[in-house]
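Close look at the chain arrangement
Single-letter residue listing:
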Amino acid sequence: MVLFSLVATHADIDLETVAQLSTGASELATSALSGSPEVTGAIVLATCNRFEIYGEAVHADDVEAARAALVAQISGSSGLSEQLVSRSFSTRTGTEVTKHLFAVSSGLDSAVVGEREIAGQVRRALIQAQHEGTASSGLVRLFQAASKTAKDVGAQTALGSRGLSIVSVALDLAADLSENADWATKKAVIFGTGAYAGATMSLLRERGCTDVSVFSSSGRAAGFVATRGGVALDEESLPVAVAAADVMIGCSGSDTRVEAEELARVRADSPQPLIAIDLALTHDFDPAVGELDGVELLTLESVRLAAPQEQAESLSQASSIVTAAAKAFEQEREARSVDSAIVALRRHTMNVLDAEMEKVRARHGCTAAAEEVEFALRRMVKQLLHVPTVRARELAANGQQDEYVAALEALYGISVDQPAAPVQGPVPAPLQASDAEAECPVDHTNISIEDRRESA
């Protein structure tokens, strides 16, 4: 099985293109599995500044076909040409996939380096894929390992202690631009009820802002404020709240946005200035609102430029943790790749043993002597299989699993075609006397005591 990823981020293309590519992201994984036989698993990671698809294919030769199928699907849902979609994504395979996702989950590839929100988004991407049935076992292990790596980076470096996030940097920037930096005196309106809206509400509360209203075009504001506090807005009450607001924060990315002309009309009689923070990838606010008198517009690009530079030492430590974790994950994955070969070898050996035991029982019945012979043979087989099993793991860790599989075929005629489940536990323990009699294929009820003594 081969892991691959298609990556489009703020580092390579503009955010407008990232937003367009993300159209239909919620259905992409499901449609990819149903529409492309080369894709055996898929997880989509879509955030405010990145759109990434992680996939699994049976063979390395299938990756290009899987990529082409995904590009075609994204083109169809976004309306962008396949050529533009293809140019927008970089493709990673093998160890590059692992190291990139681990770095992303740890916040090392974010606009705000070390931000903590991305780790939660990685976890939610996995949960959604599992719920939809698109997460293959290999992708589940990959994303779980990425989340663990993010925790390690947060616990072992100064990046975690900073508690930075895109939202926190945006609020810091808003405070710097305000005449009065005291959040306790401000009225805020949040657009959206998703993860960023929740993070925004929490940070506003931490900074002392208690007058917070929430609007959702989907009608989920009431449920949102029921657990987080604040006031739910509807279409009728929204204009009044916006007119009185000091800060409005866009986190929804819905199809409905606040137009500059509409905002100017609503705030025509508002004496206080307004700071509009647009954190939505597809823009909750018309970019022209920044040209209105008394309105200051902050965007994701503004946040990126204002983000503090992390200390080189912390970044170096975090990068080392990510590199080591990625290496360990790949070694474990390589070791798993020979599980089917180990199972095949054990099955072949046990079949030979079972065949010999049938001959013994046919001649001697299920006697104490037969049990002793079976015990000795199973013990010998276990010892004989120990070294080949250890060598399989060692060779896989060095990327030589194909040589091991070839050796099995050359020496024993064993063909390893399909991946098998990971080996669980050692070779089965020797049968106890009661078990042997219960499973014995020989009807030995008529064997005389003399025959038993002779066999013994």
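Scroll up for the structure.
Attention in this report is confined to the structure presented alongside it.

Conventions and cut-offs
Residues numbered from 1 in each chain as written. Predicted model: local features only at pLDDT ≥ 70, side-chain atom pairs only at ≥ 80, totals over all residues. Heavy atoms only, no water. Pairing = 2+ DSSP bridges. Helix = DSSP H or I, 4+ residues; strand = E, 2+ residues; numbered from the N terminus. Axes fitted to C-alpha atoms, helices over the stretch in contact; angles between N-to-C directions. Contact = heavy atoms within 4.5 Å. Core = buried A, V, L, I, M, F, W, Y, C linked by side-chain atoms within 4.5 Å. Buried < 20%, exposed > 50% of the residue type's maximum accessible area, 1.4 Å probe, protein only.

A few words on the sheet that holds strand β2 (residues 41-47). In spatial order, the strands read β2-β3-β1-β4; together these 4 strands make up an open sheet with antiparallel pairing. Of all strands in the sheet, those bounded by a partner on one side alone are β2 and β4 (90-93). Strand-to-strand twist of the sheet, defined as the mean angle between neighbouring strand axes without regard to direction, takes the value 15°. Pairing between strand β1 (residues 2-9) and strand β3 (residues 50-57): 8 bridges, direction antiparallel. Residue F4 lies in a different strand from β3, and its bridge partner there is G55. Along the sheet, helix α7 (residues 137-156) makes contact with β1, β2 and β3, crossing β3 at roughly 135°.

On to the nonpolar core. Counting 63 residues, the largest nonpolar core has L21, F51, I53, F89, L204, I277 and L279 as its most contacted members. A total of 8 residues in this core trace back to one element, the largest contributor, which is helix α9 (residues 166-177). Among residues more than four places away in sequence, those in contact with I277 are A170, L171, A174, V247, M248, I249, G250, F285 and L298. Counting residues in hydrophobic clusters, the runner-up holds 27 residues, among them I43, A125, L139 and I321.

Time to look at the sheet that holds strand β5 (residues 187-191). Spatially, β7-β6-β5-β8-β9-β10 is the arrangement adopted by the 6 strands of the open sheet, whose pairing is parallel. Each of the sheet's edge strands pairs with one partner strand only, and the pair in question is β7 (231-233) and β10 (295-298). The average angle at which neighbouring strand axes cross in this sheet is 20°, direction not considered. Its contacts with the sheet put helix α11 (residues 221-228) on β6 (211-215) and β7, and the angle it makes with β7 is roughly 170°.

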